Amino acid sequence: MLILSAVLFFIGVFGFFTRRNLVSLLICTELMLNAVDINFAVFNAYCYPNMLEGYVFSLFGIGIAAAETAVAIAIIINVYRNVHSIHIKRLTNLKH
Amino acid sequence: MSINLVIFSGLALVMVIAALFAVTSSKIMRATTLLLFVLFGTAGLYFMLHYAFLGAVQITVYAGGIVVLLIFAVLLLGKGSVDITQTSMRRYLAGTITALTGMITTIYLIITTDFSAGNFTATDVPMKQLGEALMGTEKYNYILPFEVMSVLLLACTVGAILIARKK
């Protein structure tokens, strides 16, 4: 299960490198966060079956992911309204 | 045990394939739908670990909330959400090398490390215990992170409305 979550995480990293679109980058971030949540739950279930730390941290991780997605999508829609594109090549106003 | 292994293999196969296609597909709507499969597979893993509440939260928040938000964004952006330009070969190469190096290192470490994992006992966490852990103020209880999370969610909601509002 740890190997599965590692594979998912690095698929997310690969996507983060290769995609050039803000929504795709957000999807890759979700993949990585999801892999981390799996790690928490698996460590809790197999190494410390009597504790609740990993369980609770997974819950908090899911909540933070939800908040982060809401803000990110608001930002993306605003960027699209201003620049008329969400392609990373065009978003250079903050560069200089 | 073997039936668990079969279920886990099926879930893992579906999740990895869906994640790969979600990352490489050029249509974002398709990528979002494939992400949904990965999230459902994760919920299945939680159910396999007998973490029923965590699985339910995963389905409601991730599959129900985040994916719907993503689909909203894709539909609102319309034409803008298509990846028109091809990514360059160099970028593909860099991404592949980084991901493969990291993956091999991590898997090697996971295989060679002795986690001293106890034998997995399939017991469901009772809701009462979980609620007391979330709301208690003693050691190993999580009232403070819980309240911080609620404030964070409120701040994010207000911030999202402020950002997305028309001038």
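Residues numbered from 1 in each chain as written. Chains lettered and ligands numbered in written order. Predicted model: local features only at pLDDT ≥ 70, side-chain atom pairs only at ≥ 80, totals over all residues.

1. A closer look at the overall build of chain B
Within chain B one finds six helices and zero strands. Sequence-ordered secondary structure for chain B, helices as α and strands as β, is α-α-α-α-α-α. By the burial criterion, 23% of the 167 residues in chain B qualify as buried. If you take every contact in chain B between residues at least 6 apart in sequence, the share linking residues at least 24 apart comes to 47%. (Helix = DSSP H or I, 4+ residues; strand = E, 2+ residues; numbered from the N terminus. Buried ≥ 20, exposed ≤ 12 C-beta atoms within 10 Å, placed from the backbone. Contact = placed C-beta atoms within 7 Å.)

2. What about the interface of chain B and chain A?
Across the contact, 68 residues belong to chain B and 54 residues belong to chain A. At the level of elements, helix H1 (2-24), helix H2 (28-48), helix H3 (52-77), helix H4 (89-112), helix H5 (127-135) and helix H6 (143-164) of chain B are the ones that each hand at least two residues to the side of chain B that touches chain A. The element that contributes the greatest number of residues to the side of chain B that touches chain A is H3 of chain B, accounting for 13 residues.

3. Some words on the packing of helix H2 (residues 22-47) of chain A against H3 of chain B
Two elements in contact, H2 of chain A and H3 of chain B, have axes separated by 12 Å at closest approach and are oriented at 175°. By the angle between their axes, H2 of chain A is roughly antiparallel relative to H3 of chain B. Judged by residue contacts, Val23, Leu26, Ile27, Glu30 and Ala41 of chain A of H2 of chain A engage Leu54, Ile66, Leu70, Ala73 and Val74 of chain B from H3 of chain B. Looking at side-chain class alone, the contact of H2 of chain A with H3 of chain B contains nine nonpolar, no polar and one charged residues. (Axes fitted to C-alpha atoms, helices over the stretch in contact; angles between N-to-C directions. Parallel < 35°, antiparallel > 145°, perpendicular 65-115°, else oblique. Nonpolar A, V, L, I, M, F, W, Y, C, P; charged D, E, K, R; others polar.)

4. As for the confidence of the model for chain A
Chain-level pLDDT for chain A is 81 on average; 91% of the residues reach the 70-or-more range. By mean pLDDT, helix H1 (residues 2-18) of chain A is the weakest element of chain A at 78, and H2 of chain A is the strongest at 86. (pLDDT = per-residue confidence, 0-100.)

5. Quick word on H3 of chain B
Between the first and last C-alpha of H3 of chain B there are 36 Å, a value that for 26 residues agrees with the 38 Å anticipated at 1.5 Å per step. Taken as a whole, H3 of chain B has its buried residues at Leu54, Gly55, Gln58, Tyr62, Ile66, Leu70, Ala73, Val74 and Leu77 of chain B. Each element contacted by the buried residues of H3 of chain B is listed here: H2 and helix H3 (53-83) of chain A together with H2 of chain B. (Expected span 1.5 Å × (residues − 1).)

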